[in-house]
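Listed below are the residues making up each chain.
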Amino acid sequence: PGGPLPLRIFETRYTDMVRSCMRDNQPFGVVLIEDGEEAGAVTTTATVGCSARIADFNRLPDGLLGISCVGERKFRVQRVWRAADGLNMAEVSWLADETALPLPAEFARLGATVRRALAELSEHYEHVERKFDDAAWVGARLAELLPLALSDKQALLELDDPLARLDALSSVVPGEEIREK
């Protein structure tokens, strides 16, 4: 939630989905496929995913449609099926939004790491509101930016405690502790 998702759209089913989302001002769902193929039969998905809203679109140099999306809310997958056009669909229940918590001093270096990373990746984060003092936001950005296995990223997404997420991430983020002057 709160992060960027740039996508290249090249299949008719996704072009139709984008058109529908933009016409109706609705998000679409993003969920990890655990078994099966995105373009084929999905047999197992993760139980928790995130909605994404289209923030901008453009024509890419290769002629494809590029969309810039921003993650919104977490959901739990209740039921999945495949539509006639091949689009994977799901019935979901919305999970409670995480409470905004101030970033504790013990995790200040993680906030500083995110700030440095976003300074270098500003183009990809142009539609993302920055909340460097919010523990949930900092943890979510680290989870998306770090080169972690998809199963680890999924486990971090499924945590509903922002401080537990930061605690889990603190051992994998290199760097010096922030010293007070």
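Figured I'd write up the structure that's included with this text.

How each quantity is defined
Residues numbered from 1 in each chain as written. Predicted model: local features only at pLDDT ≥ 70, side-chain atom pairs only at ≥ 80, totals over all residues. Heavy atoms only, no water. Helix = DSSP H or I, 4+ residues; strand = E, 2+ residues; numbered from the N terminus. Contact = heavy atoms within 4.5 Å. Phe/Tyr/Trp six-rings, centres within 6.5 Å; stacked < 30°, edge-to-face > 60°. Buried < 20%, exposed > 50% of the residue type's maximum accessible area, 1.4 Å probe, protein only. Axes fitted to C-alpha atoms, helices over the stretch in contact; angles between N-to-C directions. Parallel < 35°, antiparallel > 145°, perpendicular 65-115°, else oblique. Left-handed = near helix turned anticlockwise from the far one by under 90°. Nonpolar A, V, L, I, M, F, W, Y, C, P; charged D, E, K, R; others polar. Core = buried A, V, L, I, M, F, W, Y, C linked by side-chain atoms within 4.5 Å.

On to the environment of Arg165, then. Within the fold, Arg165 resides in helix α5 (residues 162-170). Separated by 93 residues in sequence, Arg165 and Glu72 have C-alpha atoms that sit 18 Å apart. The contacts of Arg165, once residues within four sequence positions are left out, are Lys74, Glu98, Ala136, Gly139, Ala140, Leu156, Leu157, Leu159 and Asp160.

Here the focus is unusual backbone geometry. With a phi close to 50°, Asn25 is a non-glycine residue in the positive phi region. Turning to its location among the elements, Asn25 is positioned in the loop between α1 (12-24) and β2 (28-30).

What follows concerns the packing of aromatic side chains. Inspection of the entire model under this criterion finds two aromatic pairs. With centroids separated by 6.0 Å and ring planes inclined at 90°, the aromatic side chains of Phe75 and Trp94 adopt a geometry described as edge-to-face. Taken together, the residues Phe75 in strand β6 (residues 65-82) and Trp94 in strand β7 (residues 88-94) connect sequence positions 19 residues apart. We classify Phe75 as buried; its relative accessible area is 4%.

With their axes 10 Å apart at the nearest point, helix α2 (residues 108-120) and helix α3 (residues 135-145) run at an angle of 55° to one another. Here α3 runs oblique to α2, going by the angle between their axes. Crossing handedness for the pair α2 and α3: left-handed. Judged by residue contacts, Leu110, Gly111, Thr113, Val114, Ala117 and Leu118 of α2 engage Trp137, Val138, Arg141, Leu142 and Leu145 from α3. Class assignment of the residues belonging to the contact of α2 with α3 gives a composition of eight nonpolar, two polar and one charged.

In this structure, Leu110, Val114, Trp137, Val138, Leu142 and Leu166 are the most contacted members of the largest nonpolar core, which totals 19 residues. Residue contributions to this core peak at five residues, all from α3. Not counting chain neighbours up to four residues away, the residues in contact with Val114 comprise Phe132, Trp137, Val138, Arg141 and Leu142. Core analysis: the next-biggest nonpolar cluster, separate from the first, contains eleven residues, Val18, Cys21, Ala52 and Cys69 among them.

For the pair α3 and α5, interaxial distance at closest approach is 8 Å and the crossing angle is 40°. Accordingly, the angle class assigned to the pair α3 and α5 is oblique. Two packed elements cross with a definite hand, and for α3 against α5 that hand is left-handed. Contacts from Ala135, Ala136, Val138, Gly139, Ala140, Leu142 and Ala143 in α3 reach Pro162, Leu163, Arg165, Leu166 and Leu169 in α5. Partitioning the contact of α3 with α5 into residue classes produces ten nonpolar, one polar and one charged.

Treat this as a map of the structure, not an account of what it does.
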